Amino acid sequence: MSRSSTKAGGLGPPILVMALLGVLTGASTISAPAQDRTAPLRAPVYRRPLGNEPPTLDPARISDIYGRSVAQQIFDGLVEFDQTLTIAPALAQYWTASRDGLVWTFTLRKGVRFHNGRAVTADDVVFSLSRLVDPKVTSTAADLFSNIHGAQAFRDGRATTVRGITAVDASTVRIVLDEAQVPFVSMLAIGHAKIVPRDLVTQQGDAFGTAPVGTGPFRFERWDRRKEIVLSANDDYFGGAPRLRRIVYRIFPDEQSGAMFEEFRRGRLEDSPVPMQDYPRLLNSTAATHVKRAMFSVRFLGLNTRAKPLTDPRVRQALTYAIDREAIVQASTHGRFVLARGVLPPGTLGYNPRLSGYGHDRARARELLAQAGYPEGRGLPSLTIWATVKLEPEHPLIVRDLAAVGVPAEFKYVTDWPQFSRMLAEGRFSIFQYAWFADVPDPDNFLYRLFHSKSPRNYTGYTNPQLDELLRRGRHEGDDQRRAELYRRAEQMVMDDAVVIPFFHYTYERVFQPYVKSIEVSGLGDPYILFRKMWLEPVP
Amino acid sequence: MSPLSSPTRSLQTKLLWGTVLVICLVMAAVLVVVDHRQRAAVIDEAYRRGEILARDLAAVSHAPLLLYNFTALEQNVARFASEEDVRYAIILDGEGRVAAHSARPDRVGVVLPGDVDRRAAASLDPVVQETRVDTGEVLDEFAVPVLVGQQKWGTVRVGLSRQRAEALIRRTRLELGGLTVLTLLLGGSGAALVARRISRPVQQLAEGAAAISRGELDLRFEPTTDDEIGRLAVAFNHMTSQLRQQRAALESTNAELRRRLEEVADLKTYTDNILASLTNGIVTVDLDGRVVTLNPAAEMLTGFFAGEVMGRYCTEVFEKTPELAEILMETIASRAATPGLAATLHRRNGRTVPVEISAAPLKGGEGKDLGVIAAIRDLTVVRELEGRLRRSDRLAALGSLAAGLAHEIKNPLTSLLTFSRHLTRRFDDEQFRAKFQSVVPRELERINGIVERLLELARPTPLSFSAVRLPALLERVVELYAEEMDTRAIEVTRDYARDLPVVWVDAEAVYQAFVNLVRNALDAMPGGGRLTLRVVWSDEDDVVRAGRQPRARRVRVEIQDSGPGISTDNADRVFNPFFTTKVGGTGLGLALTHKIVEDHGGTIDFRNGRAGGTVFRIVLSPFPDPPAEPGRHGDDLR
């Protein structure tokens, strides 16, 4: 999934990501408070902050991390990522694939019931997966599943069902693809592809998103608007009853990370993000378990290759050379995030440490501008950089650096995310600040979705048949080595054409109360924390 | 060791072969143990390797299996199959169909039909199976299921060649064999060197020893090393010098010994000669009484040959002469010499020989008892001489008796002759007649008395024994001569023991004997003197002991005068008839006395007193056992 960084650089709760495969960051107990064994048992209730009120808890419709974080506990997919980001069976106990990778047959786990007691059937699965490509649902994951046979016809209204998704019998579902895709099963593990009860969703429509019923370890209990969402343990969970009895999501509108941290310090929350301001001091002031993990993400300035003067790659290159990104990243993140030299974060298949990127080189920038016909920026229109929130000191520094090579620039802000998103999709921004969090730990999820000419997420309008070919081959290549090489070439191609100016890769960072045990933050980040395994040490 | 090897080389050969044998044994043991261990380790290692490989493949194939990334699976099997000893790697999917096959890609998608395949596909646990591939090679197949929960997602199979393990085992064996050969070579040559080093000096020593055994004691070795061999050489030199010294000592001792031996031989010859030349028979017996020696004289005497009696008991040999055996045994028992004892030796041929036997214990050096020696003296000649002497004595005595008789009778006969001549002529002469009447009967009476006493002396007298008190008998004698002694101033001293017994004798005979002795004493003291009469117990061993019987106590009567004594010239003749020193004596008194005493089984002798005078001593037994032939007692040697 992805989302624009409306509050990028902000201290938002870690954004739903596919974290780096196999990268573990230290989870260290800074210090543990003295424990009183005679104290009464702690109520097994887990309270965690939610940075905004989610619009819906319907997994197919969720486009933000807030709803995703909650829905992840309520619903199960056919498959899921385990903590090492390996695909593991969930509602599907077993599956097979045809040799060509086009036909996938899933056998459902027996005896799994929704929270309302109804058994899960193949029909629910067919419904749930078909919804993703249903234009009426407008799932942000629709494009991920567009290669399912009949998906496009269904989207186009030429068919009433997705022909590629069928129930063979009550517990067997077959999915037929038009085009084989190496990480197809991984797609089914993303947050959108949860199995919902067909009858309820059909009856309730949008209302399902306010009182969701799933199969997950926790069942929806109540939702106090702008206050809290409460989940309670599902003792009938197929994987065993969770140890926590309840999860309370406290809503702190507009990512009030300072307030969250304060509440955490007072012991009213079990975890909290770490505010950027006074970050080291705050960390040292609390006896908390500090979890830090590189995230499968990239934050960049997208350059609209169809908007003049950015159509000229030399101009795009000049802009990239002009900005002292290293200094800006350091100044704005205090070293918390990793400087991005390319698109793929370290740890991704195909990450290229020898990537030929761009340093800070104003002379080269001027030279390139001159070559493009804008010596010293003369003749260049003023460039507008669009973002959702004003970031100090990052944005002024960017403007200053561009001005230094004679490029006039200014930041403009569209604070409404849906509007920003729409304008982005319509290609109305020449330069935009954007963050991408991978849905699956795969380079395809970065490069194909952001730069393939057919990708709906290609907001830069970049079209390069060679790149498309590389990406297509990447999807079919079973050999990781060759695949990595393909994606390296693709990334290099994107960088050579300076389609984006990458800034940094996010680092997931959060503090937990020391009595919180079994914190299994997978590489997927915050929403994928396995609360069903978590427990609280019974001390005051 | 080869029996053909020469003796001088045997030590070297022994050492060499011993070392080689030990090395062989040790290396064989090492070979067996190491090979066994190594084989087990290699096989175990191969199994572990196979299992690890299969598990590795399962681990890396886990995600591709779930993603159905056949390419990745094929790459995996290809990668694993590229391992040297992996013959094939297969990944089966959950249905048991081949998802990836390194050796037979054409089998992809099919369910393999073999038993091994079925078992591998069906098992929920790791399985190790033996299988055979088309080439005929036997493989170990390691099958590991890929499980997610209880669901089997696939099976990983790895066929592992045994060649690597076998090659490893072979190589180890080869190396061990090489090591053994090397050890044998090194050890053998080392042993050979050492053996040479040891055996050469030893051989020299052996040659030296041989030389020494030939008597070449001047041999010397120069010790070349400081080790045991060197020390051996030094010791050898020391030994030869010692041998030299000892040989010299031995030679001198030997010479001395030979000299002594010659002496001993001489001595033996000497002794043998002495023994042989002895006229006395010599018999020696050992402490058991067995005859040891019989010298030629003894052989002659006894009639036995030394050879036939040697080692036999003397009591058995001399059973006819019990005295000899007895004296020998007694001496063995008493360990005291036995003086000469007369005996009669009964010879083998039945003749008897008078002998005198003396025996003495035979002592070796240091006083050790060896036995007894007995000397047998042949008394035949002595007896013959004695008999001859006795006859001549008797003739002499007869002569002197005849002379005495003639002398005694001659005077009266002369008187009678004279008277008878004058008778015719002077018959009428009154005076003559008167004289005739007085002289002739007196002279005739005198002759008659002489004849009468002579007859008495010669005639055996029957004795009539009665209990007599000897002092009383003596007092009768004193009474008889009381007047004469009074006149002649002879003092009588009596010394009678108090506890004297009565003596069983012929009182008149003994009285007559006492009278004769007192008469004799009075005649020896014409000018007066002292007559001492003594009757005491006799303690003296004045009688020849007869055998070993306890002596009966006897009574001794002494009659002592203080006269001039008897000259030694006359001592032998005192008791002879007609011997007298007195004028007018007939010389028959003492002879008669002697006869009386002897008739009583007693003894009589005399001796000169210390203060002059003569003591006649009569020893009598209170209960005499009168000789059977009283008339012959004078001939008895005893």
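This text goes with the structure placed above it.
Residues numbered from 1 in each chain as written. Chains lettered and ligands numbered in written order. Predicted model: local features only at pLDDT ≥ 70, side-chain atom pairs only at ≥ 80, totals over all residues. Heavy atoms only, no water.

1. Overview of the overall build of chain B
Argument step 1. Tallying secondary structure elements over chain B gives 15 helices and 17 strands in all.
Argument step 2. When each of the 638 residues of chain B is scored for burial, the buried share is 36%.
Argument step 3. At a minimum sequence separation of 6, the contacts of chain B that also span at least 24 residues come to 60%.
Argument step 4. Of the roughly 37,100 Å² of accessible surface on chain B, a fraction of 57% belongs to carbon and sulfur atoms. (Helix = DSSP H or I, 4+ residues; strand = E, 2+ residues; numbered from the N terminus. Buried < 20%, exposed > 50% of the residue type's maximum accessible area, 1.4 Å probe, protein only. Contact = heavy atoms within 4.5 Å. Areas by Shrake-Rupley, 256 points an atom, 1.4 Å probe, with all protein chains shown as cover.)

2. Considerations on the sheet that holds strand β1 (residues 86–93) of chain B
Residue and element names in this part refer to chain B.
Argument step 1. Reading across the sheet, the 5 strands line up as β2-β1-β5-β4-β3 and stay open at both edges, with antiparallel pairing between neighbours. Where the open sheet ends on each side, the last strands, each with one partner, are β2 (98–101) and β3 (127–132). Along the sheet, successive strands turn relative to each other by an average axial angle of 20 degrees, direction set aside.
Argument step 2. As defined by bridge partners, β1 adjoins strand β5 (residues 151–161) across 7 bridges and the pair is classed as antiparallel. Paired with I90 across the two strands is R157, which belongs to β5. (Pairing = 2+ DSSP bridges. Axes fitted to C-alpha atoms, helices over the stretch in contact; angles between N-to-C directions.)

3. What about the interface of chain A and chain B?
Argument step 1. Taken residue by residue, the interface counts 20 residues in chain A and 20 residues in chain B.
Argument step 2. In this assembly, chain A packs against chain B so that about 1,500 Å² is buried in total across both faces, 57% of it on carbon and sulfur atoms.
Argument step 3. Connecting chain A to chain B are 1 salt bridge.
Argument step 4. The interface formed by chain A and chain B contains 7 residue pairs in polar contact (both at pLDDT 80 or more).
Argument step 5. Here the side of chain A that touches chain B takes 5 residues from strand β5 (residues 92–97) of chain A, the largest share from any one element. (Buried area = accessible area lost by both parts, 1.4 Å probe. Salt bridge = Lys/Arg side-chain N within 4 Å of Asp/Glu carboxyl O. Polar contact = N/O pair within 3.5 Å; in protein donor to acceptor, adjacent residues only side chain to side chain.)

4. A short note on the packing of helix α4 (residues 163–213) of chain B against helix α5 (residues 228–277) of chain B
All names here are of chain B.
Argument step 1. For the pair α4 and α5, interaxial distance at closest approach is 10 Å and the crossing angle is 10 degrees. It follows from the interaxial angle that α4 and α5 lie roughly parallel. Mapping the contact onto sequence places I198, P201, V202, L205, G208, A209 and I212 in α4 and I229, L232, A233, F236, M239, T240 and L243 in α5.
Argument step 2. Here the residues of the contact of α4 with α5 are counted per class, giving 12 nonpolar, 2 polar and no charged. (Parallel < 35°, antiparallel > 145°, perpendicular 65-115°, else oblique. Nonpolar A, V, L, I, M, F, W, Y, C, P; charged D, E, K, R; others polar.)

5. Considering α5(B)
Argument step 1. Three or more residues of α5(B) are buried, namely B:I229, B:G230, B:A233, B:F236, B:N237, B:T240 and B:L275.
Argument step 2. Buried residues belonging to α5(B) abut α4, β6 (281–286), β7 (291–294) and α6 (296–302) of chain B.

6. Brief notes about the side chain of B:T180
Argument step 1. Within the fold, B:T180 resides in helix α4.
Argument step 2. With residues near it in sequence (within four places) discarded, B:T180 still touches B:M27 and B:L31.

7. A short note on helix α11 (residues 430–458) of chain B
Residue and element names in this part refer to chain B.
Argument step 1. Its 29 residues place the ends of α11 42 Å apart at the C-alpha level, agreeing with the 42 Å of an ideal helix rising 1.5 Å per residue.
Argument step 2. At F436, α11 shows its strongest bend, of approximately 25 degrees.
Argument step 3. Where α11 is concerned, the buried positions are F432, V439, V440, E443, I447, I450, L454 and L457. (Expected span 1.5 Å × (residues − 1). Bend = angle between axes of the 7 residues up to and from the residue.)

8. What to know about the packing of aromatic side chains
Argument step 1. Applying the stated criterion across every chain yields a total of 26 aromatic pairs over all chains.
Argument step 2. Relative to A:F429, the ring of A:W386 lies with its centre 5.0 Å away and its plane at 25 degrees, an arrangement referred to as stacked. A residue pair is termed long-range when its members are at least 10 positions apart, and A:W386 in strand β16 (residues 383–387) and A:F429 in the loop between α12 (417–425) and β18 (431–437) qualify at 43 residues. Across the pair, exposure class does not vary: A:W386 and A:F429 are buried alike.
Argument step 3. Put simply, the rings of A:Y94, A:W95, A:F106 and B:W153 touch in pairs and so form one group of aromatic residues.
Argument step 4. Over the ring of A:W223 we find A:R225, and its NZ or CZ is 3.8 Å from the ring centre.
Argument step 5. Seen from the ring of B:Y511, B:R476 lies directly overhead, with NZ or CZ sitting 4.0 Å from the centre. (Phe/Tyr/Trp six-rings, centres within 6.5 Å; stacked < 30°, edge-to-face > 60°. Lys NZ or Arg CZ within 6 Å of the ring centre and 35° of its normal.)

9. Some thoughts on the pairing of strand β8 (residues 338–346) of chain B
Residue and element names in this part refer to chain B.
Argument step 1. Of the pairings in the sheet, the one linking β8 to strand β9 (residues 352–363) comprises 7 bridges and is antiparallel in character. Residue pairing in the sheet places A342 in a bridge with E356 of β9.
Argument step 2. Hairpin geometry of β8 and β9 is characterised by an intervening segment of 5 residues between the two adjacent antiparallel strands and by a positive phi of about 95 degrees at G350.

10. Regarding the sheet that holds strand β17 (residues 614–620) of chain B
All names here are of chain B.
Argument step 1. Across the sheet, which stays open at both edges, the 5 strands sit in the order β12-β14-β15-β17-β16 with mixed pairing between neighbours. Edge strands, defined here as strands with exactly one partner in the open sheet, are β12 (490–496) and β16 (603–608). Each adjacent strand pair in this sheet contributes to an overall mean axis angle of 15 degrees, direction not counted.
Argument step 2. The sheet contact formed by strand β15 (residues 554–560) and β17 spans 6 bridges and is antiparallel. Bridge assignment links E558 to a residue of β17, and that residue is R617.

11. Thoughts on the nonpolar core
Argument step 1. By size, the foremost hydrophobic cluster in this structure holds 181 residues, and its most contacted members are A:L78, A:W95, A:W104, A:F145, A:I175, A:I229 and A:F451.
Argument step 2. Among the elements that line this core, the one with the most residues is helix α1 (residues 7–67) of chain B, at 7 residues.
Argument step 3. One finds B:V477, B:Y481, B:F575 and B:F606 within the second-largest nonpolar core, a separate group that totals 40 residues. (Core = buried A, V, L, I, M, F, W, Y, C linked by side-chain atoms within 4.5 Å.)

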